[in-house]
Amino acid sequence: MADCMQEWPEPVVRVQALAESGLDSIPRCYVKPPCDRPAPAADDDDDASSGASIPVVDLGNGSDDEGGQLAEAVAVACRGWGFFQVVNHGVRPELMRAAREAWHGFFRLPLQEKQKYANSPRTYEGYGSRLGVEKGAILDWGDYYFLVLSPDAAKSPAKYWPANPGICKEVSEEYGREVIKLCERLMRLLSASLGLDETRFQEAFGGADCGAGLRANYYPRCPQPDLTLGLSAHSDPGILTVLLADDHVRGLQVRRRDGHWVTVQPLPDAFIVNVGDQIEILSNSMYKSVEHRVIVNAEEERISLALFYNPRGDVPVAPAPELVTPERPSLYYPPMTFDEYRVYVRKNGPKGKAQLEALKGQSITEKKE
Ligand code: OGA
Ligand code: NI
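Since the model is a prediction, treat every value here as computed from it, not as a measurement. (Residues numbered from 1 in each chain as written. Chains lettered and ligands numbered in written order. Predicted model: local features only at pLDDT ≥ 70, side-chain atom pairs only at ≥ 80, totals over all residues. Heavy atoms only, no water.)

Draft legend 1. Inspection of the packing of helix H4 (residues 93-108) against helix H6 (residues 168-193) at higher detail. At their nearest, the axes of H4 and H6 sit 9 Å apart, and the two run at 135 degrees to each other. Compared by their axis directions, H4 and H6 come out oblique. For the crossing formed where H4 meets H6, the hand is left-handed. Residues Leu-95, Met-96, Ala-98, Ala-99, Ala-102 and Trp-103 of H4 form the contact with H6, whose own contacting residues are Cys-168, Val-171, Ser-172, Glu-174, Tyr-175 and Glu-178. Of the residues assigned to the contact of H4 with H6, the class counts are 9 nonpolar, 1 polar and 2 charged. (Axes fitted to C-alpha atoms, helices over the stretch in contact; angles between N-to-C directions. Helix = DSSP H or I, 4+ residues; strand = E, 2+ residues; numbered from the N terminus. Parallel < 35°, antiparallel > 145°, perpendicular 65-115°, else oblique. Left-handed = near helix turned anticlockwise from the far one by under 90°. Contact = heavy atoms within 4.5 Å. Nonpolar A, V, L, I, M, F, W, Y, C, P; charged D, E, K, R; others polar.)

Draft legend 2. Molecular detail of the sheet that holds strand E3 (residues 126-128). Overall, mixed pairing links the 8 strands, which are arranged E1-E2-E10-E7-E12-E5-E4-E3 in an open sheet. Each end of this open sheet is capped by a strand with a single partner; those strands are strand E1 (56-58) and E3. Across the sheet, the mean angle separating the axes of adjacent strands is 25 degrees when strand polarity is ignored. By the bridge criterion, 5 bridges tie strand E7 (residues 240-244) to strand E12 (residues 302-310) in an arrangement that is antiparallel. Within E12, the residue paired with Leu-243 across the bridge is Ala-306. Packing of helix H3 (residues 69-80) onto the sheet brings it into contact with E1, strand E2 (83-87) and strand E10 (271-275), and relative to E1 it is tilted by some 165 degrees. Against the sheet, H4 engages E3, strand E4 (143-150), strand E5 (211-219), E7, E10 and E12, with an angle of about 115 degrees to E12. (Pairing = 2+ DSSP bridges.)

Draft legend 3. Just the layout of surface pockets, in detail. Computed from the structure, the largest pocket encloses a volume of approximately 780 Å³. As for the largest pocket, its lining consists of 45 residues, and the residues nearest its centre are Phe-146, Pro-237, Phe-338, Arg-342 and Arg-346. Class assignment of the residues belonging to the lining of the largest pocket gives a composition of 20 nonpolar, 11 polar and 14 charged. Around the second largest pocket, the lining comprises 33 residues; the ones closest to its centre are Lys-32, Asp-140, Ser-232, Ala-233 and Pro-350. When residues of the lining of the second largest pocket are traced back to their parent elements, those giving at least two are E4, E5 and strand E6 (231-234). Here the lining of the second largest pocket is composed, by residue class, of 15 nonpolar, 7 polar and 11 charged. (1 Å grid on protein atoms, 1.4 Å probe; cavity = no way out; pocket = protein on both sides within 12 Å on 5 of 7 lines; lining within 4 Å. Points joined across faces, edges and corners; volume = space filled by probe spheres on them.)

Worth remembering: the numbers are spatial, not functional.
Here is the structure:
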């Protein structure tokens, strides 16, 4: 990887430290251009009252998918939104709370203690405050902690795990195992929902060696929430993301098919699931990854835990031949491994769906030749 990935291009400022310093306006480097700023809250509340929220899929605590009803519900959610909440998903609410509490505990530590885990753009593992290495970029109002949970060969070594709170590693690893099981079930449903054999997706993405990363996001209070974002618009690069969001502080916004941003109201004990870029590629765009972003607020901090379920790093991913027809030719060519794909994300940070569009561009050029 290029040298620019060894270190951050500018000294790293912890957003939490900035927020806690009690400033009443935000530094210029967090001020988004007007087109990227959140819309006034009133617009969005209209959506909530008109019921324009993401679908809810009841997974029935792991019971069989009789008559393919669940697969059909997943198909409807993926076609219409690419974002849905799952309830009765089989992960214990106490474990969800324990994982969130452990990470809350980490962010409450004194700055000096957290700094011991400062990350670099090479692997992102550890305590971070920016995505991307572009010098002079407009930054997001949030800090995070990133770790690799799976496969075993790529797991973050012990030195990357915070020593405090003491239970952080154990709880996060158990949480990871349970959420990965949920991802495997969702993969079977996704395959079936496209009329494929239910093991088809898992096999295409590398079988039992799929990857998983955990990012704890911390969005401090912000004195000027209308000018910035906690996380800029992006689609997730991997297969699926399972998000545990705060159920009392809203922040996640999803871009609806008509371009409008909708704020998600998480249900108690639910997860928010979204389709990542790799599913868009494998499904030949039958299911599209969806742009989302995070808004912040002046009253309350917010924590979320995102589990990114990714293909094995070295498996070339391309549209499934069953989903490519003369009427619907392959949109993504040539095949690309996830290791290759994420270099772009690590370098450029959140950039809407630009990366996937660039892949499409490649195939168009090739077809013209
Ligand atoms: C992410 C993400 C949303 C949130 O981490 O990729 O989209 O609500 N997080 O924190
Ligand atoms: Ni995301």
